[in-house]
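Chains, contacts and geometry: an overview
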Amino acid sequence: DVIRSEQIQAARLKLPILAEEQQIMEVIYENSIIIIAGETGSGKTTQVPQFLYEAGFALDKQIGVTEPRRVAAISMSNRIAHEMNLSTKEVSYLIRFEGNVTDDTKIKFMTDGVLLKEIQSDFLLSKYSVVILDEAHERSVYTDILIGLLSRIVPLRHKRNDPLKLIIMSATLRLEDFTENQRLFKNPPPVIKVEARQFPVTCHFNKRTNENYLKEAFIKAVKINTKLPDGGILIFVTGQQEVNYLVRKLKKAFPLRHKNKILQQNEQLKKDDKVFESEDDDLGKKKTPKNKNKIKIIPEINLNDYSIPGDNENIDEEFSDLEDDEDDKVDETVISNAQPLWTLPLYSLLSTSQQQKVFESPPPGCRLCVISTNIAETSLTIPNIKYVVDTGKTKVKLYDKVTGVTSYVISWTSKASANQRAGRAGRVGPGHCYRLYSSAVFNDEFREYSVPEIQEKPVDDLYLQMKCLNIDKIINFPFPTAPNLLQLKTAESRLETLGALNKGTVTPLGRAISKFPVLPRFGKMLALSHQQNLLPYTICLVAALSVQEVLLEVPVVQTSQEKQKELRQKWSLTRQKWAGRANSLLLGDNMVLLKAVGAAEYANSEQNLEKFCFNNGLRYKAVQEIRKLRVQLTNEIKKNIPDADVIVDPKLEPPTDIQAKLLRQILLSGMGDQVAKKILPEEVNENYVKFKYAYNANNMEEPVFLHRGSVLKKSLPEFVVYQEIYETNKMYMRGVTAIEPE
Ligand code: ADP
Ligand code: MG
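Reading guide: rules and limits
Residues numbered from 1 in each chain as written. Chains lettered and ligands numbered in written order. Predicted model: local features only at pLDDT ≥ 70, side-chain atom pairs only at ≥ 80, totals over all residues. Heavy atoms only, no water. Helix = DSSP H or I, 4+ residues; strand = E, 2+ residues; numbered from the N terminus. Buried < 20%, exposed > 50% of the residue type's maximum accessible area, 1.4 Å probe, protein only. Contact = heavy atoms within 4.5 Å. Areas by Shrake-Rupley, 256 points an atom, 1.4 Å probe, with all protein chains shown as cover. Salt bridge = Lys/Arg side-chain N within 4 Å of Asp/Glu carboxyl O. Pairing = 2+ DSSP bridges. Axes fitted to C-alpha atoms, helices over the stretch in contact; angles between N-to-C directions. Phe/Tyr/Trp six-rings, centres within 6.5 Å; stacked < 30°, edge-to-face > 60°. Lys NZ or Arg CZ within 6 Å of the ring centre and 35° of its normal. pLDDT = per-residue confidence, 0-100. Near = heavy atom within 4 Å. Polar contact = N/O pair within 3.5 Å; in protein donor to acceptor, adjacent residues only side chain to side chain. 1 Å grid on protein atoms, 1.4 Å probe; cavity = no way out; pocket = protein on both sides within 12 Å on 5 of 7 lines; lining within 4 Å. Sits in = over half its atoms within 2 Å of the grid points. Nonpolar A, V, L, I, M, F, W, Y, C, P; charged D, E, K, R; others polar. Parallel < 35°, antiparallel > 145°, perpendicular 65-115°, else oblique. Left-handed = near helix turned anticlockwise from the far one by under 90°. Patch = residues over 30% accessible without salt bridge, like charges linked within 9 Å, V, L, I, M, F, W, Y side chains within 5 Å. Lys, Arg positive; Asp, Glu negative; His and termini not counted. Charge placed at Lys NZ, Arg CZ, Asp CG, Glu CD.

Quick look at the overall build of the chain now. Across its full length, the chain holds 26 helices and 22 strands. A buried classification covers 54% of the 742 residues belonging to the chain. Relative to all contacts within the chain whose residues are 6 or more apart in sequence, the contacts with residues 24 or more apart total 74%. If you sum the accessible surface of the chain, you get close to 33800 Å²; carbon and sulfur atoms cover 50% of it.

On to the pattern of salt bridges. Using the criterion set out here, one finds 25 salt bridges in the structure. We note a salt bridge from Glu98 to Lys628, for which the minimum N-O separation is 2.5 Å. Here Lys628 lies in helix H24 (residues 620–640) and Glu98 lies in the loop between strand E3 (91–94) and strand E4 (107–111), a separation of 530 residues in the sequence. Look at Glu98 and you get partly exposed, because its relative accessible area is 25%. The partner of Glu553 in a salt bridge is Arg708, with the nearest N and O atoms 3.8 Å apart. With Glu553 in the loop between helix H20 (535–546) and helix H21 (561–579) and Arg708 in the loop between strand E20 (704–706) and strand E21 (719–727), this pair connects stretches of sequence that are 155 residues apart. Looking at Arg708, the relative accessible area reads 28%, which means it is partly exposed. Sharing partners across several salt bridges, the network here consists of Arg139, Asp144, Arg174 and Asp177.

Spatial ordering of the open sheet is given by E3-E4-E2-E5-E6-E1-E7, a layout of 7 strands whose pairing is parallel. Of all the strands in the sheet, just E3 and strand E7 (191–194) have a single pairing partner and so form its edges. Across the sheet, the mean angle from the axis of one strand to that of its neighbour is 20 degrees, orientation sign disregarded. Relative to strand E5 (residues 128–133), helix H6 (residues 141–159) is tilted by about 150 degrees, and along the sheet it contacts strand E1 (33–38), strand E2 (62–67), E5 and strand E6 (165–170).

So, on to the packing of aromatic side chains. Going through the model one piece at a time under the given rule, you end up with 12 aromatic pairs. For the pair Tyr29 and Phe57, a centre-to-centre distance of 6.3 Å together with 25 degrees between the ring planes defines the contact as stacked. Residue Tyr29 is located in helix H2 (residues 21–30), and its partner Phe57 is located in the loop between helix H3 (44–54) and E2; the two are separated by 28 residues in the primary sequence. Accessibility expressed as a relative area gives 12% for Phe57, which makes it buried. An aromatic cluster is present here, built from Phe205, Trp412, Tyr437, Phe442 and Phe446 joined pairwise through their rings. If you follow Lys415 out to its NZ or CZ, it ends over the ring of Phe442, 5.8 Å from the centre. The cationic tip of Lys730 hangs over the ring face of Phe705; the distance from NZ or CZ to the ring centre is 4.3 Å.

Considering every residue of the chain, the mean pLDDT works out to 85; 87% of them sit at 70 or more. Between residues 269–329, whose pLDDT stays under 50, and residues either more than four places distant or in other chains, the model counts 116 contacts. Here the complex is predicted with pTM 0.81, and the ipTM for its interfaces comes to 0.98.

Turning to the site of ligand 1, a few remarks are in order. Of all residues adjacent to ligand 1, which total 14 residues, the nearest are Gly41, Lys44, Thr45, Thr46 and Gln356. The contact in question runs from an oxygen atom of ligand 1 to an N or O atom on the backbone of Ser42, over 3.2 Å. One of the side-chain N or O atoms of Thr46 is found 2.6 Å from an oxygen atom in ligand 1. Here ligand 1, which alone exposes 560 Å², has 88% of that area covered by the protein. Mapping ligand 1 onto the cavity grids shows that it belongs to the second largest pocket. When contributions to the shell around ligand 1 are tallied by element, the ones reaching two or more residues are H3 and helix H4 (70–84). Per-class residue counts for the shell around ligand 1 are 3 nonpolar, 8 polar and 3 charged.

This part takes up the sheet that holds strand E8 (residues 201–205). Whether parallel or antiparallel, the strands of a sheet pair through hydrogen bonds between backbone atoms. Spatial strand order, E8-E15-E12-E9-E11-E10: 6 strands in an open sheet with parallel pairing. If you trace the sheet from one side to the other, it starts and ends with E8 and strand E10 (341–346), each paired once. Geometrically, the sheet is characterised by an average inter-axis angle of 20 degrees between neighbouring strands, direction not taken into account. Note: E10 against strand E11 (residues 367–372), 6 bridges, orientation parallel. Each residue of the ladder has a partner; that of Thr343, found in E11, is Cys369. Across the sheet, helix H9 (residues 240–253) touches strand E9 (232–236), E10 and E11, and the angle it forms with E10 is around 170 degrees.

A few words on the packing of helix H23 (residues 609–616) against H24. Between H23 and H24, whose axes approach to 9 Å, the crossing angle comes to 120 degrees. Taken together, the axis directions place H23 and H24 in an arrangement best described as oblique. Remark: the crossing between H23 and H24 carries right-handed chirality. Residue-level contacts link Leu609, Glu610 and Cys613 of H23 to Tyr620, Val623 and Arg627 of H24.

What follows is about a negative patch on the surface. Taken together, Asp400, Glu701, Glu702 and Glu727 make up a surface patch of like negative charges. Of note, Asp400 is situated in the loop between strand E13 (393–399) and strand E14 (406–412).

With respect to the helices and strands, Ala136 occurs in the loop between E5 and H6. Sequence separation between Ala136 and Leu175 is 39 residues; the distance between their C-alpha atoms is 9.3 Å. Setting aside anything within four residues of it in sequence, one finds Ala136 in contact with Thr143, Ile147, Ile168, Met169, Ser170 and Phe178.

Written as C-alpha cells, this is what we have:
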C-alpha cells in the first residue's frame, strides 16, 4: 500500500538491488542474522528498509536503522519518507541532539550511539522487529559494540518466541571480520552480495607527490574543467576548512555569472569586429574566440593564498606556515573561457538542506563539482560523478593511550578507502580518478585498511556503558575487533578514580553518570550538581564542554588580514570580559564558555543569533548544538530526578561568586585527574621567557602550555585543572581553570 511517485519509481527501478528484493526477503525470512554487502550507491540504505516495511515488519513493531553519522541518519530518513510518500512522523530519526520520532514511527533512523543507550533501558530491544546496522564497514565504535551485543540479543529474542532480525549492511570490504569471527557468530551469517552497475574507472597517479595537496587539487580541478569532456567532479580533502577553502577558490576561478558575461562580451565583440567564425548559438558548447586578449574576465586569481582560515584544530603558533609560491599561474584566458562550475561543499557539520544540494542537477550549462570530506566515500552517493580527485589524505584524531593527549594528524588514508573513493567515478559510466600521489607512495605507505575506531579512541564511555549492561568480563566480549588491553586498563582505572566503578563493579554514581549522553567525567559533574542550585550552570557548562570548537580562533569568513586581526582583538577583549576581573577569574576559560552560552541564549531572544556568534567569535553551529544538548540534558535530569526543579532559562543570570566556587569544585570532581602545576622561574632560570606559560601535567615529562586563547595567561595560577591536552607543534592545555591550593 505504498504509493510512490512515478519519478521515484523510475529512479528506484534503476537500482540493481530492486531486482533482488525477493531473494533478499527470502534470506531474511530464513535467517535471523544476515549480511548485505554491496557497492556504495547500490541502494542498500534507501531500499532495504522499504522492502521490510512492505513485507509487514513495521506492523506492530518498528524497523530500526543505525548510522554511524548523524548526517546519514537525518538525510536518509528524509529521503525514504520522500520515496515512500510517508510523513516524517512515520519515517523518523533520532540523534544525540534532536529527532522527530513519534508514536507512529515505523522506520526509525538513529545514530549507533542512540541505539546503544536504548539497550541500557531495554536490553532485548523489544520495540523492534528488525535492526539494521548500516555502514558496518566504517567500523565505528558503537556499531562494533552493537554487532557484539546483537549477536547475543537475537538468540535471546528467539528463545522468547519474539524473534528479532539483525541485518548488517556494509560495503564489500573486510567482511571476514564479521563472518570469520567464531566468537561473534558461531555459524557465519549468510552474505547477500548486491551487484552494482559499476563502470571501469581509470586511476591516474601523479609522478611526484606534492605536499601541498590543496594546491594540487585546485590545479587538477581547473585542468579537468578546462580540458576534459562533461561530467561531474568529486574532490576528497580532509576537513571542513579545506572544503570551504577549495570551494571559495573554485567559485572565484569559475564564477557562475561568468558564462553570461562571456556571451555578452561575445555579442559585443561580434558587433565590433566579427572575430568569431560562427554563431555561438548553443549554450552547452564553448567556442574559443580568436582574439584571446580581448576577453579577460577574471583579472586576477590569487594562487598564492593558501592559508586555511579557521582551522581551529591545529592552529597555534605554527598556523599560517602554509607556504606561498609563485610557480604556477593558471592561464587566465583558459579559465575565462571555461564552463562555469557549480561548486558545492559537503561535510558532516553542513546543514541538511545544504547537503541536499549535491543530489540536485546543476544549473544548465554548469559542471557539478563537489568538494567533500570522506563522507562521500560511502555514506552519501552523489549522482553523475565522472572525475574523482583524491588527495589520498584523511584527518584522524589521535590520542595517547596513557596520557590522553590528543592531536589531529593528517595522514595517508588506506588502500581500501582510496579504492572506495575511486569507485565514486564509475557510477554512471566509465570514469577517471586522479590520485594526487605517486603509485610508489600508494603501494608502500598506504595501509590495507583503516584501523577500526575502537582501537584509536579512549573507551571510558563504552566501558562504563558495557558495565552497566552487566557485562562483567569486558575482555571476553565478542568485539569484531577488540580494543587493546592497555586501552581497557586505562579506561577502568579512570572510571575507578571517578568513582563510577568500585573494584570493577558499577557504583550508583556510575549508573547515574551513564544515563547522560556525555563523557563519564561530565556525567559525574551533572550527577554531583544536585545541590545549591548549580544544575542550570553545570548543564550549560557540560553542554558547552561536550561540543567541539565553540570559541573560534580565526574568523571563518574570508576577510583581509587587518580585519582578521581586528576581529580577533575584539574577541579577545570579549573573552577577558566574560572571564571576569582578577580575583573572580574563578572559572577561567570555563567561565568564558559559560558566559558565552548564556550570552548567546540571551541574544537569541533579542537578535539574530548567527550574527551574534560571528561578532563574538563563537561557532554558530556549535552554539546551536549546545542549545539542543542543554534541552536534552535538562529533560534527562527531570526524568531521573523528578524533584529537581530545572528549566532551560534563556535569561540565566551569571553565577554568583559562591556558585562559581562551587562550580569549580564540580569541575575538579570531573577532571581531578587532569591537573597541572606551573613551572616556576627558578626551575628553568634563563629560559624563563620561553617557558612563561609552561606547566607540568600529571606524569608527563614534556611541559604543556596554556592555549593561546586562555584567559589565564595574565594571572598564571600555580595549579590548574584542564579539559584536554592537545598537541600541535607543542602541547597545549585547553579549557583551563585555576585551583587554589587549600
Ligand atoms: P547504498 O546505501 O547502497 O550506498 P543508497 O541507498 O544510499 O545506496 O543510494 C541509492 C541511490 O539513491 C543512489 O544512486 C543515490 O544517488 C540515490 N539517493 C540517495 N539519497 C538521495 C537523495 N537524498 N536525493 C536523491 N537521490 C538520492
Ligand atoms: Mg548506504
